[in-house]
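Below, each chain spelled out in residue letters.
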Amino acid sequence: MAEQGDTAEANEARSALAAFERKELRVRTDRVATTAGGARLHVETRNVERLSFKAYAIDLAAYFARFGCLTSVDQVVTEIVEPDLAWEAAVDGYRPYRLLARDLPLERLAGPGGWLVEIESDSGRAKAFVVTSDLVLVTKHSPRQVLAWGGDRAADAPAAGGDVKLSDGSRLVAAGKTGEDGIWVAELERPLATPRVLAVRGKHVAASGADVGTAEGAGYRPQGVLFTDRPLYRPGAEVAFK
């Protein structure tokens, strides 16, 4: 490449070499896992020999009650709290410059529930929202009505007696329980532009509009977290923060 100077061919070769030498880390969760199949992540790495994992249990019902949806769970700030679980693992089949892709079982996240999983290498970090549940949810809505049906995948039957909450995307507007047929219906006083429904049965959770998808981390992004010494101040009071 040095002999070719600044030619188009040399620049293309340099770009290709830089791509092979770059450290990469990408993860994604393709779908909600069942308790029978177990939680797993699809992980892609290049030039990464070892990964560290931190898992934070998420109370999905409490999150939904506060925000009215389950979107942006992977944006929750984790730097100021301790993880519920932490472990490290070598990258199987590691070879320099090779892009490795595999589905990684998360045996430590056994049973139903929601987790925010942070995966970190020596040069990058990625987060993924992982949900394990046997509860499925189907919703339909019209301007004056929302219908939700819950099903139990493990039992192959309607999910009777499940707690259901309805929001307009930011606040709760109705709640109830599914009947023996797994159905819950809410009558609306006004149309909802973005209705969101959460169903909970035991530790199993299902929601409409939940972000269970891709997260990437090819390198650290600058980030800061500030918090004040108390939540409320009188006029003229001094504000201290960390």
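Source: prediction; values computed, not measured. (Residues numbered from 1 in each chain as written. Predicted model: local features only at pLDDT ≥ 70, side-chain atom pairs only at ≥ 80, totals over all residues. Heavy atoms only, no water.)

1. Let's talk about the overall build of the protein
Each helix and strand counted, the protein has 2 helices and 16 strands in total. Of all 242 residues assigned to the protein, the portion counted as buried reaches 33%. Considering only residue pairs separated by 6 or more positions, the protein has 66% of its internal contacts joining residues 24 or more positions apart. Counting every atom, the protein has about 14300 Å² of accessible surface; 52% of that belongs to carbon and sulfur. (Helix = DSSP H or I, 4+ residues; strand = E, 2+ residues; numbered from the N terminus. Buried < 20%, exposed > 50% of the residue type's maximum accessible area, 1.4 Å probe, protein only. Contact = heavy atoms within 4.5 Å. Areas by Shrake-Rupley, 256 points an atom, 1.4 Å probe, with all protein chains shown as cover.)

2. Section: the sheet that holds strand S3 (residues 50-58)
In space, the 4 strands of this open sheet follow the order S4-S3-S6-S7, with antiparallel pairing throughout. Where the open sheet ends on each side, the last strands, each with one partner, are strand S4 (85-90) and strand S7 (125-132). Each neighbouring strand pair of the sheet contributes to a mean axis angle of 25°, computed without reference to strand direction. As paired elements, S3 and S4 share 6 bridges and run antiparallel to each other. What sits directly across from Arg50, in S4, is Ala90. (Pairing = 2+ DSSP bridges. Axes fitted to C-alpha atoms, helices over the stretch in contact; angles between N-to-C directions.)

3. A short note on the sheet that holds strand S14 (residues 196-201)
Overall, antiparallel pairing links the 4 strands, which are arranged S12-S11-S14-S15 in an open sheet. Strands with a single pairing partner mark the edges of an open sheet, and in this sheet they are strand S12 (172-177) and strand S15 (204-207). Shown here is a sheet whose adjacent strand axes are inclined to one another by a mean of 15°, direction ignored. Against the sheet, helix H2 (residues 60-67) touches strand S11 (163-167), S12, S14 and S15, its axis set at about 155° to S14.

4. A look at the packing of aromatic side chains
The geometry of an aromatic ring pair is captured by the separation of the ring centres together with the interplanar angle, meaning the angle of the planes. Inspection of the entire model under this criterion finds 2 aromatic pairs. For the pair Phe53 and Trp87, a centre-to-centre distance of 5.1 Å together with 5° between the ring planes defines the contact as stacked. One end of the pair, Phe53, is in strand S3; the other, Trp87, is in strand S4, and 34 residues separate them in sequence. Looking at Phe53, the relative accessible area reads 2%, which means it is buried. Taken together, a centroid distance of 4.6 Å and an interplanar angle of 45° make the contact between Tyr63 and Phe67 tilted. Note that Tyr63 and Phe67 are positioned in helix H2 at a spacing of 4 residues, about one turn of the helix. The exposure class assigned to Tyr63 is buried, which follows from its relative accessible area of 12%. (Phe/Tyr/Trp six-rings, centres within 6.5 Å; stacked < 30°, edge-to-face > 60°.)

5. Examining the pattern of salt bridges
Within this structure, the stated rule accounts for 12 salt bridges. For the salt bridge of Lys23 with Asp122, the shortest nitrogen-to-oxygen distance reads 2.6 Å. One end of the pair, Lys23, is in the loop between helix H1 (8-21) and strand S1 (24-28); the other, Asp122, is in the loop between strand S6 (113-120) and S7, and 99 residues separate them in sequence. Take Asp122: its relative accessible area is 58%, and that puts it in the exposed class. Across the pair Arg50 and Glu88 runs a salt bridge, and its minimum N-O distance is 3.2 Å. Of the two residues, Arg50 sits in strand S3 while Glu88 sits in strand S4, which places them 38 residues apart along the sequence. The class of Glu88 is exposed, set by a relative accessible area of 52%. (Salt bridge = Lys/Arg side-chain N within 4 Å of Asp/Glu carboxyl O.)

6. Section: the confidence of the model for the protein
Here the protein shows a mean pLDDT of 85. Residues at 70 or above account for 85%. In the model of the protein, strand S16 (residues 214-216) stands out as the element of lowest mean pLDDT, 39, in contrast to strand S10 (residues 157-158), which has the highest, 96. The low-confidence segment residues 213-222 (pLDDT under 50) makes 30 contacts with residues lying over four places distant or belonging to another chain. (pLDDT = per-residue confidence, 0-100.)

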